[in-house]
Amino acid sequence: MTASAPCITGWNHSQFGKLDGIDPEALIGQVAKAAIEHAGLTPEDIGSIHIGTFNGGFLYQDFPSSLVFNTLPALRFKPAVRVENACATGSAAIHSGMQSILSGQAKHALVIGFEKMTELATPQVGEVLLKCCYAKEEAGIPGGFAGVFGKIAQAYFDRYGDQSDALAAIAAKNHKNGMSNPYAHMRKDFGFDFCRTVSEKNPFVAGPLKRTDCSLISDGAAALVLSAADVAKTMERAVTFRAAVHVNDFLPLSRRDPTRFEAGTLAWQQALKQADLKLLDLSLVETHDCFTIAELLEYEAMGLAEPGQGARAILDGVTAKNGRLPINPSGGLKSKGHPVGATGVSMHVMAAMQASHDAGDMQIPNARYAGVFNMGGAAVANYVSILERVH
């Protein structure tokens, strides 16, 4: 993007997990208020509000665009919109906020991503998430969205051989990284052997995927403030979008090669060109590991490995926290949790913290460029951002 790209100037992140007794409306209000304060602004300064939530039946309350007004009444009469793009909903809300600024409508945009998933039982959660597939062909897949990625994993195994060691190594890496993330749903280092071994506590869930291969059903919210580049120069902190790319693909898996995230590859190629960088110029990447097979395929989509060779990136330590390109130093969705609408905003908050050298125990030393890959469905909606600290 150009020097006029909007900047992230403030953020806030709730705890992710099973948040019993927390009203979603209050959760939205808490992160919004804190993000505005972190940016050094007041609600009156906000020009537009962009709420990302999938919902799909998780909550009875829909039409959430004005809910934050109940906590912050000074936002009343501001334009507010709800955005949805499956598991990439949070990134879609960020792009909506960016367009508001680039169009001149707003100098500061408030972006909120949230989801409250745990009010439903696990089978019902699976039914809701399956609405993100192509219902005409895929709604009957057993195991919910785990079943969809189980089929992808099996297709990859059939083509390239058993990748169970690589998937277990990805799970173990992300759980170990999550130990340093105070917001993570599950802060527990399971180790490679537990993740690799089928057991009563780690059974097969779908195809070759075990429980440790699947992200968690979580509640949570994250918020950030986007500011126009000229205004951001005067603010306490500013993290710019060196690249911001969005690429969508066919919804039906039957129209795509399930072992290749082709639209993800295109999004990465466009983002790196836009940023005038090579992949290994990046200091880290927060990528969408809804299932471990997704992270493996994303190594190939970003160009870290050739098709069928993604296992090398994890087994050779390239993607470890101290590796050549750390992937998911936050613990990723696997450890941090995956409250669907919050995920994209959360990933950008984590990346902005890294670029600002404000990530605490998660910090990658001397981080300069932070990549984000957030996807909706099985690489249907694909967003790549590359963030860089301005000051």
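Remember, predicted model here, so these are calculated numbers, not experimental data.

Calculation notes
- Residues numbered from 1 in each chain as written.
- Predicted model: local features only at pLDDT ≥ 70, side-chain atom pairs only at ≥ 80, totals over all residues.
- Heavy atoms only, no water.
- Pairing = 2+ DSSP bridges.
- Helix = DSSP H or I, 4+ residues; strand = E, 2+ residues; numbered from the N terminus.
- Axes fitted to C-alpha atoms, helices over the stretch in contact; angles between N-to-C directions.
- UniProt positions renumbered as here; feature names shortened; annotations may be inferred.
- 1 Å grid on protein atoms, 1.4 Å probe; cavity = no way out; pocket = protein on both sides within 12 Å on 5 of 7 lines; lining within 4 Å.
- Points joined across faces, edges and corners; volume = space filled by probe spheres on them.
- Nonpolar A, V, L, I, M, F, W, Y, C, P; charged D, E, K, R; others polar.
- Buried < 20%, exposed > 50% of the residue type's maximum accessible area, 1.4 Å probe, protein only.
- Lys, Arg positive; Asp, Glu negative; His and termini not counted.
- Salt bridge = Lys/Arg side-chain N within 4 Å of Asp/Glu carboxyl O.
- Contact = heavy atoms within 4.5 Å.
- Polar contact = N/O pair within 3.5 Å; in protein donor to acceptor, adjacent residues only side chain to side chain.

(A) Focus on the sheet that holds strand 3 (residues 80-83). Spatially, 3-2-4-7-1-8-11-10-9 is the arrangement adopted by the nine strands of the open sheet, whose pairing is mixed. Lying at the two open borders of the sheet, with one neighbouring strand each, are strand 3 and strand 9 (284-287). In this sheet, neighbouring strand axes are inclined to one another by 25° on average, regardless of whether the strands run parallel or antiparallel. As judged from the four bridges shared by strand 9 and strand 10 (residues 369-376), these two strands associate in the parallel manner. Its bridge partner being in strand 10, Val-285 is matched across the sheet by Gly-371.

(B) Broad picture of the UniProt feature "domain: Thiolase N-terminal" (unreviewed entry) in the chain. UniProt annotation of "domain: Thiolase N-terminal" (unreviewed entry) refers to residues 17-185 when read in the numbering used here. Helix makes up 43% of residues 17-185 and strand makes up 11%, while its end C-alpha atoms are separated by 4 Å.

(C) Local environment of empty space enclosed by the protein. Tallied over the entire structure, the rule returns one cavity of 30 Å³ or more. What the largest cavity holds in volume is close to 40 Å³. Across the lining of the largest cavity, the residue classes tally to eight nonpolar, one polar and two charged.

(D) Summary view of the side chain of Asp-213. Position of Asp-213 among the secondary structure elements: in the loop between strand 6 (209-210) and strand 7 (219-227). No salt bridge forms around the buried Asp-213; measuring N to O, its nearest opposite-charge neighbour Lys-210 is 4.3 Å away. Once residues lying within four places of it in the same chain are set aside, the contact partners of Asp-213 are Leu-167, Pro-208, Cys-290, Phe-291, Thr-292 and Lys-334.

(E) A look at the environment of Asp-257. With respect to the element layout, Asp-257 can be found in the loop between strand 8 (239-248) and helix 9 (262-275). Judged by its relative accessible area of 22%, Asp-257 falls in the partly exposed class. On a C-alpha basis, the gap between Asp-257 and Ala-155 in space is 9.4 Å, while along the polypeptide they are 102 residues apart. Contact partners of Asp-257, with chain neighbours within four places excluded, come to Arg-159 and Glu-262. A distance of 3.0 Å separates a polar atom in the side chain of Asp-257 from a polar atom in the side chain of Arg-159.

(F) The arrangement of the environment of Val-83 in detail. Within the secondary structure layout, Val-83 lies in strand 3. In this structure the C-alpha to C-alpha distance between Val-83 and Ala-93, which are ten residues apart in sequence, comes to 5.6 Å.

(G) Examining the pairing of strand 8 more closely. Along strand 8, seven of the ten residues are buried, which leaves the element largely enclosed by surrounding structure. When strand 1 (residues 7-13) meets strand 8, the two strands line up antiparallel, connected through two bridges. Paired with Ile-8 across the two strands is Val-239, which belongs to strand 8.

(H) Here's a closer look at the pattern of salt bridges. Tallied over the entire structure, the rule returns twelve salt bridges. For Asp-20, the salt bridge identified is with Lys-18, shortest N-O distance 2.8 Å. Residue class for Asp-20 comes out exposed when judged on its relative accessible area of 52%. For Lys-18, a relative accessible area of 51% corresponds to the exposed category. A salt bridge links Arg-242 to Glu-388; the nearest nitrogen and oxygen atoms lie 3.0 Å apart. One end of the pair, Arg-242, is in strand 8; the other, Glu-388, is in strand 11 (residues 381-389), and 146 residues separate them in sequence. Look at Glu-388 and you get buried, because its relative accessible area is 14%.

(I) The UniProt feature "domain: Thiolase C-terminal" (unreviewed entry) in the chain, seen in detail. Mapped onto this structure's residue numbering, the UniProt feature "domain: Thiolase C-terminal" (unreviewed entry) falls at residues 254-389. End C-alpha atoms of residues 254-389 are separated by 41 Å, and the span's content is 38% helix alongside 15% strand.

(J) Main features of the layout of surface pockets. Within this model, the largest pocket holds a volume of roughly 870 Å³. A per-element tally of the lining of the largest pocket places helix 3 (residues 122-129) first, with five residues. Grouping the constituent residues of the lining of the largest pocket by class yields 21 nonpolar, eleven polar and four charged. Here the second largest pocket defines a volume of roughly 160 Å³. Residue lining of the second largest pocket: Ala-169, Ala-172, Lys-173, Lys-176, Asn-177, Ile-314, Ala-320, Lys-321 and Asn-322, and that is the complete set. For the lining of the second largest pocket, the leading source of residues is helix 6 (residues 164-178), giving five residues. Partitioned by chemical class, the residues of the lining of the second largest pocket number four nonpolar, two polar and three charged.

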